[in-house]
Each structure stands twice: as C-alpha cells, then as structure tokens.
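Topology and contacts: notes
Next come the chains, spelled out residue by residue.
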Amino acid sequence: MSNLAKIEEIYHAALEKTTGERDKFLNEICGDEAELLREIEALLEFDEKAQDFIETPPEDLAAALFEKGSNPKNIGKTLNHYRIMSHLGAGGMGEVYLAEDIKLGRKIALKLLPKQFQTDTERKKRFEQEARAVSALNHPNIITIYGIEETEDINFIATEFIDGQTLREKINEKSLCWQKTIEIALQITSALESAHSVGIIHRDIKPANIMVRRDGIVKVLDFGLAKLTAQTADSGDFKTQEQTAPNRVMGTINYMSPEQALGEKVDTRTDIFSLGVVLYEMLSGVQPFRGTSDAAIYNATINKNPPSVSELRAEIPPAFDRIIKRAIEKKRENRYQTISDLSADLQKLKENPNLSSGIFFAFRPQKKTLKLLFPLAAAAILLFAGVYFAIIRQATAENQTTENSNFNYTQLTSQSGEELYPSLSPDGKTFIYSTRATGKWDIYFQRVGGANAVNLTADSPADDRQPAFSPNGEQIVFRSERDGGGIFIMGATGESVRRISNEGFYPAWSPDGTEIVYCIDDFDEPGARSTVPSQLWIVNIASGEKRLLTKSDAVQPNWSPNGHRIAYWGIKTGGQRDIKTISASGGEAVQVTDDASIDWNPVWSADGKYLYFASNRGGSMNLWRVRIEEKTGEVSGTLEAVTIPSTYSQFFSFARDGKHFAYVQSNIYTNIFQIDFDPQTETLGESSVEITQGSKITTNVQISPNDDLIVFDSIGDKQENIFVANADGTGIRQITGDTYKNRAPRWSPDGKRIAFFTDKTGIYEGWTINPDGSNLKLITKLPEKVPAQLPVWSPDGKKLLFNTTNGYPVIFDPDKAQFEQTPEPLPVEADPNRRFMAYSWSPDGNKLIGYGKGADELESYIIQYDFETKDYKKITEFGIRPVWLSDNQRFLYIHRNKIFLFDMKKMENKELLTSATKEFQSISISKDNKKIYYSLKGAESDIWLASVL
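Residues numbered from 1 in each chain as written. Predicted model: local features only at pLDDT ≥ 70, side-chain atom pairs only at ≥ 80, totals over all residues. Heavy atoms only, no water.

As for the pattern of salt bridges
Under the definition given, this model contains 40 salt bridges. Between Asp-521 and Lys-853 there is a salt bridge, with the nearest N and O atoms lying 3.8 Å from each other. Here the residue Asp-521 occupies a position in the loop between β23 (515-519) and β24 (536-540), and Lys-853 occupies one in strand β51 (residues 847-853), the gap between them amounting to 332 residues. The class of Asp-521 is buried, set by a relative accessible area of 8%. Here Asp-676 makes a salt bridge to Lys-931, at a shortest N to O gap of 3.1 Å. Taken as a pair, Asp-676 in strand β35 (residues 660-678) and Lys-931 in strand β59 (residues 931-948) lie far apart in primary sequence, 255 residues in all. The exposure class of Lys-931 is partly exposed, given its relative accessible area of 34%. (Salt bridge = Lys/Arg side-chain N within 4 Å of Asp/Glu carboxyl O. Helix = DSSP H or I, 4+ residues; strand = E, 2+ residues; numbered from the N terminus. Buried < 20%, exposed > 50% of the residue type's maximum accessible area, 1.4 Å probe, protein only.)

Listed below in structure tokens is the structure:
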C-alpha cells in the first residue's frame, strides 16, 4: 500500500469515529506505528497532492495528527513574554500558534518544536538552523523573524503574524487574473532576489509557502528547505554546504525542478523553475506536471512539456507563455539565469502586454551560483506542511555591525532619479545629499523622518555634489563646478560659501575640523573608472596650505575618527580595485584588501575599530567590514559581510553615536538602443528601438561590418562576458564564458574576428576570438606587465591597436601570436601629463581619434593623432568615445547625457540626441552610416537609514 493510500485509510477511519474514539485511534498510531506517522508527516510536507486531499479544516488529518503534539494546554500559556492565544497550524518542523507579545502589545506567531522531537538532537538542530539560515534575510516580501528562544524545555521561533490567505487558497478561489498574477509574481521575485543575493536558495517555492496579506502585500514563507552557498575563509574555495544527505530528494514533488527531482546539486535556478510552475498554476488553475503516482509526476517534470497557458485561458497574453516556458525549461542553462531576469520580463509585460518576442526578453549572462564569503549555518531540511506559516528575517548574511545587533531600515528619500552622497549629521537627526531634481546637481538638507527637503545650493547655476557634514555639524564641505570648479565650504544651512581648493573631489573632514582631504579624480562607478592616477591632497581650511599625501592611485578618502589614518581605494596594475589606509602624516600605505573583487567606498566606524566598505565579493554590491588597528592600519580580523537589504549599496555615512548609518540603495542598469540616422541631413529618426532590456550593465556595443550583427559586453555578478546578437537584439549568444573581466569587443573589418581585452592571465591583455567563440588567441605582449585595454582595428584589418595604462597606444599584428609580436608604440604626447585613449581609426587609415585629458584638467575631450605628422591635436572641449563616419570628415561622440556630431572640415559641433535623465556609455554607427547604436545608463537611487534596534 502506498503512503497516500495509508493516509486516505487513516483519514476516513478518523472521520468515522467520535472525538474520543479519534483521540484513542491517533494515540495508537503515535504509540504503535511511529514509523507510519513519520512517513505520513513526510508525505504531508513533500506531496502537494496529499495536502490538497486533506485541506478541509478543522477535521483534516494534518490537524488531527498534530493535535496530539500541540497540547491544548499550551493555549493561554505564557512563554517568556509571549501569551499563546490559539493554534494556527502545523508542519513537519513544529506547531504554529497565534500569540501576543506582552511587552510590545502586538500579535505575533510562534513556531514550537513538537514535544516528541524535543529530545531528537537532529530535529532540534534543524529547527534552530531553520531560523538562523533565514534570519540572514530582511525584505518586505519575506516574513520577519523576531527571535529564537527557549523556555521550559520548549524551543520556539517568534515571527510576525500574517493576516491573509495562502496563494493555494487564492488559486482554489479561481480569483487570479493575469494582471494580478504579475503583481504577486513581482513581489515573489523581489523576495527571491534578496535571498539569492546572499546565497540562500529556497528550494520549496509553492502556493502553500506564499501568503497574500489583506492589503495585497505578498510574503514568501518557510525557507525550511533553504540551501546556503558559502566560501571557506581558509582556502578561498567556493563550496556548497548541504544539510541533506547526498542525493536525497527534498522539496514538494509537483514543484520540483528536474535537477532537484533527480537528486542533483541545485542552484538559484531551481527556484526559478518552481516559480514558473507556480505562475502556470496561478494562470491556468492546474499544475503543469501531474500524474496518478509519484513516478508519473517525476516523469512529467523531467521529460514532458505542458500545454501553454494561453491554450487553457485565451485572455492570457502570448508573452506570458514565453516567460513561463523559459522559466520551466528542463535544462537549467536554457532557463532564466537569474531571478532578476525573470522579474525584468514580468515588469515589461506589466507595462506592455503586447511586446513582441523579438525584443521582449531581458538579456542577461549566465550567472554562477551566488556564494557567501564565510560558511553560514547550513539550511534546515524540513519545512511546514503547507498550512499557513513561514519564517524569515532580514537580509544580513551572518553579519553584524555591532555584536549581534539587529537593524531597523527606514527609507529617507523616494524621488525619481538619483539621490546620492548622503551625510548624516553628528547627532543622526538630519542629513544632506545631492540630487538632480532641478536638472542640475544640488545639495539638499532634510530631517530624518521628514519629507520636506531644503535646497541649499539653489542660487548656484553649477553642479554641487559630494557634501559632508563637519564633525560639529556646523559646516558642509562639497564639490562644486561653480567658478571653474573645486572644493567649497558653506554653513549648515547654505550660507557663507567659500572656496578652499580649486581642485578635488570626494572631500572628507579631519576629526578636529581643521583640514580636508580630497582626491584629484572623479568617478561615477568604481568598475567604470579609468586608471588615470589620482592622488590624495590635504588642505588646511584656515591657511589654504596644501600637502600631497599619496603618489599612487587613490580616491574617495575617509578620515578615521581619532585622526590617525585615512582610508581610500585605488586601482592597481591589472585593474584591481582595493582598499588601503595611510597615516594622516604620510608614509607607506597598508593594504586592507587584495583580490579580484571590486572594493571601494571605505568608511570608518564611529569608534574606529572597524573599516566598512562596499564590495561585490558576496555576489552583489553590498556592505562589508574588517576589524582594523586605527593607529597602525594593521588588519586584525577577517572580512565580514554586513549585508543590508539592497542589491547595490553605496555611499555610506555613520552618525557619531555609531547607532545609525545612511546608505544609498541603487538600481544601476545600462541597455542598448538603435536609432535611424540620415547622414545627408544629419537628422535622427523619430524614435529609438530598445535592443536589450533589463537591470544589468550591457554596453560597449558595436555593429558588424555587414550591419547584420552586434557585439557587446555585459556585466553580471563577479563576471563580465561578451555576447553576439542579431542587429535587432534577437539570437543572443555568449562567446566567452568564464569569471574574468572580458571587455570592449571590436569587430575586425572583415567581420571574421572580434578583439577584446581580459584579465584571464592576471593582468589585462589583448585577445581575439571568432564570433562563434572559437579560436581564442592572445595577441599582446608588453614589457613590465603593462596592461593592454580597448582595442581598435585599422580599416584594412592588418593592424590591431591596444591602449595601455602608460598613456600611449601600441600597435600589434592580429595575425601573429603573442610570442611573435613586435609591438609598435605610438609616440608619447608632447604633454607628458596628458593621456590619449585611441577609440576609432579613420576609414582612410591616416588618423586616429580618441579622448583624454591632462592631469590638471577636469573634463575629457576629443584628441586626434595624425600618422603622417605624428602629432596630437585637441579637437573639442569635452567628450569621450568618438566614432568616425565613412566620409573621414565627421565623427560622433558622447558627453554625459548627449550625443554630438562634429565636422572636422567646418570645425562645427552639432547636438544630435539628448537624454533627460540617463547618460550615454558607448556608441557605434553602421557602415552605411544610417543606423546609430548606443548604450544608455539609467539609475534609480534612494537614501535609506539603518538604525540599531
């Protein structure tokens, strides 16, 4: 007899008895057939069919079986400061009760470990691990856990109480239209994106584990089967930590991914499959993989494809079919590679149900399973029986800012566009920041908890950014472009503005308020910053006297609270971005980080014991810290993740009390567009076409010589790869597939090869590859391991130029291997402080155009190199990334949020295209000059406050 048959037999037998007879009957099962009870319990957890069979409360078998373990005497009992009010439900790992938190006067839910398992060490351990594993999460769509406690030999977890319905109930009511399905699905993807970003995989996404509150807020429940990925601190090797036995199948059979059903190792894509199954059921009312037995369900999951949802419900947009089909692909490499991918397509469908398949799906590279730096507690094995409840907390990946502290997160700004560079006042009651609400960067003052922001720099027509409160809160230092640019100081309410330096960015105060440290170079994103060396300078506010602090590359300084050291980050050979500290009086810098991760934005804790910084080492850009000796800079501890609920965190500011810090939560993305262009009239088409869509950085686009393909690179989490697609964005294929930084692809003139640069040898070097991913060949060979970057082909394809970090380009033979090369460097400019970055070779082969700037200049501008005269000539006053038109006379180039056309013969500049809120990143033009391709960066950034509870 199958387990399900046994359940059915016991179920009917129990219902036929009176209450007293049923109690005796169940006592007999618990006492004499414990093994059967465990089988039934397991089936209730992992078989949705069994749950559906017995879902009519209060007579269902689940409630009856677990009533024996719940002990009615618990009603009215007080556990610590929680008074139990009623019984809510049960799962394999415990009983769930509604309780009152006597201290705070709020309803909460308690999950109690059943008495029969109190002495079971393994189950008790799993019970505790369930809470610890998911307490790494903090997200509005994940149920919050308040604590893990024990009293009177009872172990329990306290969580928020959810007043609403499970998604199972919603589906049974047949009340879900496709629009409502999208609204719910977007909230689920947001929750999973938060979990995946810190290495947690749910592994049991199903309707019973999702609740919809009465106000429409969705809560993802029960991470009891969650699997965490971690990195051992000793070896640095990534490993997968499994709490389950090898090859043991865990999950709910109807929602398992094929790899999960086969007992294979799983990654975040298993949650994507399960969510696809849930979406199918929400839309159609039936499960896509069904059968009369477990074996039949397994077979359907692994080998069969269900009919499309639009076949079952005609009103479903066909685009939804494509989303679900991609989510439930059998092979995980054919699925959405990240939950963000799925979310992006759902959002597009929400905005435009009639999107065509050609440009619909957001492009993303394959993402490896996210991993944490330090081993986390392995996830617990079992989960609830699909009844009501779940447990989670906030997204803080086994880290603390102070010992074992919890945070409360408050959103401080919510304008459209970007709010950046927050600085908390010393008392943490007010803050300042920069935003472009008026069309230019201004500095605003706002009360924490308030909504009225005061523009402190409204009287200036120039950009004002990067503000910082003085240690006593009475002054503000900031970067301004007014009167030629520099560092300025003003009063806390915007009065008495004065310049203290005619150069500098990211100013920071000394603790005594007498000096300012600043860097020479500016940047928007750490990964996109060039390797032009930037020094740190210190200026005395009273005298204006300056002194040089560093000679090697250094930006974004931050002074330690006791004045001993200054932290900063810089780029070293090979493009690595690392944190260092240096004595405020100068000397040798001390390395804090030294690896391939992007580490930046260092900020000292209020007590000077820790250095906090932003890093992508955990998979997403988030907050990390390390214990450090403030006087010596010696690192005295291991790196710790202090993950906050954001997929991209930056610009941290601590209040002096150490109990509050502000940060920016950003969504930064870059996508590719195409617009028609008439080279005769120099006019653009009416509208552009979006080629790629999504929330990743997809840039460095170039159209092929035959105008039929495009090549571009895309930045994922800790990986950057190169992709080829049809000119309309369809048929995307990845041609590099590793964890290195593969950047700036360029077509050869015959379209048979692609040049690019990558750090796969430890430094950036130039390579070529065929468009199908074959014939990878190393080209460059430079002395003293000088990095090679940004390739440029000659028009005849016989020469291949790579730029270098030494400030001059070098020409190679693309048909020779590295060891056969005889590099031909271009002559160094007459101005040794100006760097030239070649970008485009003229069609007649006589000239190069590129961009650069001198050490003392703020803006990059277009520069021409003439092969005949061997001279460099400044062409424009601003701009980057110029691209020749076929007439050898005109070129396109970018300056922030504008694209310009420059005529060399007429020496005239014409503005072609402007974006109100986004910045252009790269540009390319078709061979016939009738289509322009460009990448456009967008960002939404809000300021949040984290407070220690």
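Points about the environment of Asp-483
Counting through the fold element by element, Asp-483 comes out in the loop between β19 (475-480) and β20 (486-491). Along the backbone, Asp-483 and Ala-462 are 21 residues apart, and their C-alpha atoms lie at a distance of 8.4 Å.

Digging into the packing of aromatic side chains
The full count for this structure, using the stated rule, is 34 aromatic pairs. For the ring pair Phe-802 and Phe-812, a centre distance of 6.2 Å and an interplane angle of 70° mean the geometry is edge-to-face. Of this pair, Phe-802 sits in strand β47 (residues 800-804) while Phe-812 sits in strand β48 (residues 810-812); the two residues are 10 residues apart in sequence, bridging distant segments of the chain. Comparing Phe-802 with Phe-812 shows no difference in burial state: the two are buried. Centroid distance Phe-836 to Tyr-872: 5.3 Å. Interplanar angle 65°. Geometry classified as edge-to-face. On the criterion of sequence distance, the pair formed by Phe-836 in strand β50 (residues 835-841) and Tyr-872 in strand β53 (residues 871-874) is long-range, its members being 36 residues apart. The same class applies to Phe-836 as to Tyr-872, namely buried. An aromatic cluster of three or more residues is present, and its members are Tyr-421, Trp-441, Tyr-506, Phe-523, Trp-569, Trp-600 and Phe-651. Positioned above the aromatic ring of Tyr-861, the side-chain terminus of Lys-874 is 4.2 Å from the ring centre. (Phe/Tyr/Trp six-rings, centres within 6.5 Å; stacked < 30°, edge-to-face > 60°. Lys NZ or Arg CZ within 6 Å of the ring centre and 35° of its normal.)

Brief notes about the side chain of Glu-919
Note on placement: Glu-919 falls in strand β58 (residues 919-925). Those residues in contact with Glu-919 that sit more than four places away from it in its chain are Arg-436, Asp-524, Arg-896, Asn-897, Ser-935, Leu-936 and Lys-937. (Contact = heavy atoms within 4.5 Å.)

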